[in-house]
Every structure is written in structure tokens, then in C-alpha cells.
Amino acid sequence: MIQSMTGFGKTIAELPNKKVTVEIKALNSKQMDILVRSVPTYREKEMEIRSLLSQTLERGKVEFIITVEHTGASADTMINTAVLESYKNQIETISQKFGLKTPDDWFPMLMRLPEVITTDAEELDEEEWKVVYNAINEAINKLQEFRIQEGAMLGKFFEQKIARIAELLKSIEPYENERIEKIRSRIMENLYNVPEIQVDINRLEQEMIYYIEKLDINEEKSRLDNHLKYFLKTLGGGEGQGKKLGFIVQEIGREINTLGSKSNHAEMQQIVVRMKDELEQIKEQILNVL
């Protein structure tokens, strides 16, 4: 069964003094495109994270986000009193110089200024990384489950659209003989309406046969039917079929276009337009297939 490139996975790892949240989002893309947003503690593991994502997710635009929320006392977070005092003095000086009123609630404002709160670089403990690594794998598994569910929905959609194109292809058949007779009658009528012209019936029949053969669509119908069957076969061939399905869709479109150019019949052209509409809907969604 095919998989969608779209997916989302999220896990939370509980550690003694912190809560680590891992989120992975995936969208459609021709290649593997990974964006990693991490806190400094896990930055040294970014290459390992990228390698894991590329090996397991195969293709797509992937955004990986890892955040940390401290839940207990942390000795590595401190208020830089020297910076805080410097900000305070500067604000008081500026206020006096320009005659501005000093805000009453300026302490919360000072606490939000750069470098007032500092965090010492935290060394990554191997035991902690094992917990986080397992959380990353769990988030990947959830994303893949999401992709499988979306892929199942896409598969049903494609089956319905391919079946509809096959139905429309069969509906062309009743008009084929009618079309040939109309073309033949129109040519003969136009010829006999031309005054003072002698018609060589044998030569006319030869030219007629040649012309009608050029309008024959049996070969296109056969190829289109084969492409539709091959699409369904590929659809059930497992994951990683997105690019192959895209190529088959191009071939289906080529045969439908040829049918339209050869049809030379109003009802048949209307059927071809409806086939193109069904195919366009497939093209839009095939971009989401892994």
C-alpha cells in the first residue's frame, strides 16, 4: 500500500528536571529536505538526527523540532545582576535626560531584556540521550503511521478515479462506427457538391481508407487501458511508488490527449474532456505520494 508524504508525529520524554518534546512534520517534496530546530544541549547530535530521519522517512520536506521545558530546580539558569543593574541605570539616566516617567512595572520588562537570564552550557548525559533518542524514534513511528493512514485514503481515491477513466474509455465505443460513417458521408457529400469534377472511385476508396486509418483510435485505447491497469498494479506494489505512479500518469495523459485530437466527434470529445478532468484530480494528489 502506498504512503503519503504528509505526516505528523509528536512525543514527550519525561526526565528528572525537564520535559523534552519532539515534533516531526512532513510535507511533499521531490527530494529529502530536512530542517532541524534544536536546543543547544542536543546540537551535537544534529548529524545523528538527520541521518536517522533520512534513513527512515525516505522523501519529503521534514521539519524536526525538539524543545525543552525545565520542570525542577536548575542550577545552570542564573540572573546576571550586573547586566540587570546596567540596564536599570541606563533607563534611569535616559528618563532624566529626556524628562520621561520611569515605568512602575519595569522589573518584568528588565527580566525580558537580552542576557539578563543566562544558562550555562549543559553537557549531554548519555543516559538522557538514550531517552531522547527513543522519543525521536517514537515520533518517527507516529509520523509513519500517519503516512500509512493518509496513503490508504489516497489509494482509494486513485482507484475510484482510474475506474472512472476506464468507464469513460468504454463509453467511447458506441460512437466509433458512427464517427467513421459521418466522416465518410461528409467527404463524399462535399466531393459530389463540387461541379464538373470526375471522381476516380478506386483512388477515392484508397485515399479514404488511408485517411480513416489515421483517425483510428484502437491503438490508443489499448495503450490507455494497459496504462490504467499498470497504475493499479503499481498502486498495490508497496511504498515508495510515488515517482513511478507520476510517470504512469504522464503516459495516461498522453494517450487521452491523442484520443482527443483524433476523435473528430462532439460526443467523443466531451468524454475526453471528462477523462482529463479525472486525470487532473489524480495529478494533484499524486504529488503527495511517497
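Now for a look at the structure at hand. Because the structure is a prediction, the values reported are computed rather than measured.

Some words on the sheet that holds strand E2 (residues 18–27)
The strand order across the open sheet built from four strands is E1-E2-E4-E3, with neighbouring strands paired in mixed fashion. Two strands bound the open sheet, and with one partner strand each, they are strand E1 (7–15) and strand E3 (32–37). Within the sheet, the average angular offset between the axes of one strand and its neighbour, ignoring direction, is 10 degrees. Note: E3 against strand E4 (residues 60–70), six bridges, orientation parallel. Looking at the pairing, Met-32 lines up with Gly-60 of E4. Lying on the sheet, helix H4 (residues 126–170) is in contact with E1, E2 and E4; it crosses E1 at an angle near 155 degrees.

Regarding the packing of aromatic side chains
Applying the stated rule across the entire model yields four aromatic pairs. Centroid distance Phe-158 to Phe-231: 5.9 Å. Interplanar angle 85 degrees. Geometry classified as edge-to-face. Residue Phe-158 is found in helix H4, and its partner Phe-231 is found in helix H7 (residues 218–235); the two are separated by 73 residues along the sequence. For Phe-158, a relative accessible area of 0% translates into the label buried. On the basis of relative accessible area, Phe-231 is assigned to the buried category, the value being 0%. Through successive ring pairs, a cluster of aromatic residues spans Tyr-42, Trp-129 and Tyr-133.

Here is what the cut-offs are and how they apply
- Residues numbered from 1 in each chain as written.
- Predicted model: local features only at pLDDT ≥ 70, side-chain atom pairs only at ≥ 80, totals over all residues.
- Heavy atoms only, no water.
- Pairing = 2+ DSSP bridges.
- Helix = DSSP H or I, 4+ residues; strand = E, 2+ residues; numbered from the N terminus.
- Axes fitted to C-alpha atoms, helices over the stretch in contact; angles between N-to-C directions.
- Contact = heavy atoms within 4.5 Å.
- Phe/Tyr/Trp six-rings, centres within 6.5 Å; stacked < 30°, edge-to-face > 60°.
- Buried < 20%, exposed > 50% of the residue type's maximum accessible area, 1.4 Å probe, protein only.

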